[in-house]
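What follows is the residue order along each chain.
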Amino acid sequence: MFPVVIDVDTGVDDALALGLALALPELSVIAVTTVAGNVDVDQATQNTRRVLDWFGAVSVPVARGASQPLLRPHRDAREFHGPDGLGGAMLVPQRSGPILDTAAPEVIVRAARRYAGSLRLVCLGPLTNLAIALRLEPRLPELVEGLVIMGGAFAVPGNVTPFAEFNVWSDPEAAHIVAEAGFRTIWVGLDVTTGVRFDRAARERLAGSDRPGPRLAYEVSRWAFDERGVDSFALHDPVAVAVAARPDLVTGERAFVHVLTSPSELRGRTVWRADAGAPALVAQGVNAEAVYKLLRERLGLEEGGKEPTRPESHAP
Ligand code: BDR
Ligand code: CA
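What you see is a predicted model; the values in this text were computed from it and never measured.

Novice: Would you explain the side chain of Arg267 in this entry?
Specialist: With respect to the helices and strands, Arg267 occurs in the loop between strand 9 (250–259) and strand 10 (270–274). At 3.0 Å, the side chain of Arg267 forms a polar contact with the backbone oxygen of Trp169. Filtering out sequence-adjacent residues up to four positions away, Arg267 remains in contact with Arg72, Ala164, Trp169, Ser170, Pro172, Leu260 and Thr261.

Next up, the structure:
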């Protein structure tokens, strides 16, 4: 079992990813850190606490992180995730766990030192906290066992611009710092996440369930299906968590990854140079059936949905 710290901007798919992480026997969630992304950091922190509490994980601490990207103003994706970021979910946990006084980057550093050689970091939002953590502890890439990033669009179009994926686009300078730092990284980008989906019919099959996983999925998908009117949405962040537990779920290419920070039309583009000796793997294929199986067996989710005929895009 690997100790993990999960960095989130909770977020509909972050919420489902947290539920999955708590249920996977390969992972022991020791802390969850938050960052401005889909919503502002205060909302992300509240949402994260609420989701963990919903699953009864009151002993898992939450640490608040960066309120804006390193150099740019924060742009949210509420249009995609709903005004509260959780699709208007009606979930009232019975008990509530702690929100730490320590800031997210410091929590990441302390965890890396405490679990030196075994900690896995899973980043599901903009990479601001990890970039700051690297300033606090430059040995972080050697201390952590591995890093899984939901981010990037490598051989596929982006979801914010034709080239950029939301998490990388939101804070490209942070993503650049993290990409160049030498972590043993698996980049779980849109190349593999857009094919693993949750659709309207799958949601309907969960109606009336009082189990925490199905209830969460039913509630957080309210905005997507009832307000935005989409037929399905991608389970980006749950795929990354599944990969953190089972790296064999993806295939890809060993490569050095670079993040473009300018010019503006290419901002947030992820490019890679294949090199068998590189510490990073760029995921290019995913065993979707196996991911669905985990989601079904561990979270109680129904699978469903084909890739949309036109690319989904994020708010900004
Ligand atoms: C990523 O952007 C966010 O909106 C999702 O939570 C996911 O982490 C997908 O581009
Ligand atoms: Ca996210």
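Novice: I tried to follow the pairing of strand 5 (residues 146–150) on my own but got confused; where do I start?
Specialist: Residues in a regular strand project their side chains so that they alternate between the two faces of the sheet. Extensive coverage of strand 5 is indicated by the burial of five of its five residues. Inspection of the sheet shows strand 4 (residues 120–123) paired to strand 5 by four bridges, in the parallel sense. Counted as the bridge partner of Arg120 is Gly146 from strand 5. Where strand 5 meets strand 6 (residues 185–188), four bridges bridge the pair, whose relative direction is parallel. Counted as the bridge partner of Leu147 is Thr185 from strand 6.

Novice: Mind showing me how you'd approach the coordination of the calcium ion (ligand 2) here?
Specialist: Geometrically, a metal with four donors at the corners of a regular tetrahedron has ideal angles of 109.5 degrees, and one with six donors at the corners of a regular octahedron has ideal angles of 90 or 180 degrees. Around the calcium ion (ligand 2), the donor atoms from the protein are Asp9 (OD), Asp14 (OD), Asp14 (OD), Leu124 (O) and Asp237 (OD), and they sit 2.2 to 2.7 Å away. In terms of primary sequence, the donors binding the calcium ion (ligand 2) are separated according to D-x4-D-x109-L-x112-D. For the residue pair Asp9 and Asp14, the accessibility class agrees, reading buried in each case.

Novice: What exactly am I supposed to notice about the packing of helix 1 (residues 12–23) against helix 13 (residues 236–245) here?
Specialist: Two quantities define a packed helix pair, namely the angle between the helix axes and the distance between the axes. At a closest axis distance of 7 Å, the pairing of helix 1 and helix 13 adopts a crossing angle of 25°. Taken together, the axes of helix 1 and helix 13 lie roughly parallel to each other. Between helix 1 and helix 13 lies a crossing of right-handed hand. Contacts between helix 1 and helix 13 involve Asp13, Asp14, Leu16, Ala17, Leu20 and Ala21 on the former and, on the latter, His236, Asp237, Pro238, Val241 and Ala242. In terms of residue class, the contact of helix 1 with helix 13 is made up of seven nonpolar, one polar and three charged.

Novice: How should the UniProt feature "domain: Inosine/uridine-preferring nucleoside hydrolase" (unreviewed entry) in the protein chain be read in this particular structure?
Specialist: As annotated by UniProt and renumbered to match this structure, "domain: Inosine/uridine-preferring nucleoside hydrolase" (unreviewed entry) occupies residues 4–292. Note that residues 4–292 is 37% helix and 19% strand, and that its end C-alpha atoms are spaced 22 Å apart.

Novice: Just checking my understanding: could you explain the sheet that holds strand 5 for this structure?
Specialist: Neighbouring strands of a sheet are bound in pairs by backbone hydrogen bonds; such pairs are parallel or else antiparallel. Here nine strands make up an open sheet; going across it, the order is 3-2-1-4-5-6-11-9-10 and the pairing mixed. The sheet is open, and its two edges are formed by strand 3 (62–63) and strand 10, each paired on a single side. Relative to strand 10, strand 9 runs antiparallel, the two being bridged by five bridges. Following the sheet pairing, Ala255 is matched in strand 10 by Ala274.

Novice: Before we go on, may I ask you to explain helix 13 in this structure?
Specialist: One full turn of an α-helix is made of 3.6 residues, so residues set three or four places apart face in the same direction. The buried fraction of helix 13 is high, at ten of ten residues. When we look at burial in helix 13, the residues that qualify are His236, Asp237, Pro238, Val239, Ala240, Val241, Ala242, Val243, Ala244 and Ala245.

Novice: Looking at this structure, I do not really get the nonpolar core. What am I missing?
Specialist: In a soluble, globular protein the nonpolar side chains are often hidden away together inside. Core analysis: the largest hydrophobic core is formed by 62 residues, its most contacted members being Ile6, Leu124, Phe198, Val241 and Leu295. In this structure, Val241 is in contact with Ala17, Leu20, Ala21, Leu24, Leu27, Val122 and Leu124, ignoring residues within four places of it in sequence. Counting residues in each nonpolar core, the second largest holds 34 residues, with Val5, Cys123, Val168 and Ala280 among its members.

Novice: Would you mind showing me how to read the packing of aromatic side chains here?
Specialist: The description of two aromatic rings rests on the distance between their centres and on the angle between their planes. Considering all chains together, one arrives at five aromatic pairs under this definition. Taking 5.9 Å as the distance between ring centres and 75° as the angle between the ring planes, the aromatic pair formed by Phe154 and Trp187 counts as edge-to-face. Of this pair, Phe154 sits in the loop between strand 5 and helix 7 (166–170) while Trp187 sits in strand 6, and the two are 33 residues apart along the sequence. No difference in accessibility class separates Phe154 from Trp187, as the two residues are buried. With a centroid separation of 6.2 Å and an interplanar angle of 45°, the aromatic rings of Phe198 and Phe225 are classed as tilted. In this pair, Phe198 is assigned in strand 7 (residues 197–199) and Phe225 in helix 12 (residues 222–228), connecting sequence segments 27 residues apart. Chaining the aromatic ring pairs together yields one cluster made of Phe154, Trp187 and Trp272. A cation over an aromatic ring shows up here: Arg120 above the ring of Phe2, its NZ or CZ 3.3 Å from the ring centre.

Rules behind the numbers
Residues numbered from 1 in each chain as written. Chains lettered and ligands numbered in written order. Predicted model: local features only at pLDDT ≥ 70, side-chain atom pairs only at ≥ 80, totals over all residues. Heavy atoms only, no water. Helix = DSSP H or I, 4+ residues; strand = E, 2+ residues; numbered from the N terminus. Polar contact = N/O pair within 3.5 Å; in protein donor to acceptor, adjacent residues only side chain to side chain. Contact = heavy atoms within 4.5 Å. Buried < 20%, exposed > 50% of the residue type's maximum accessible area, 1.4 Å probe, protein only. Pairing = 2+ DSSP bridges. Donors = N, O, S within 2.8 Å, 3.2 Å for Na, K, Ca; no water. Axes fitted to C-alpha atoms, helices over the stretch in contact; angles between N-to-C directions. Parallel < 35°, antiparallel > 145°, perpendicular 65-115°, else oblique. Left-handed = near helix turned anticlockwise from the far one by under 90°. Nonpolar A, V, L, I, M, F, W, Y, C, P; charged D, E, K, R; others polar. UniProt positions renumbered as here; feature names shortened; annotations may be inferred. Core = buried A, V, L, I, M, F, W, Y, C linked by side-chain atoms within 4.5 Å. Phe/Tyr/Trp six-rings, centres within 6.5 Å; stacked < 30°, edge-to-face > 60°. Lys NZ or Arg CZ within 6 Å of the ring centre and 35° of its normal.

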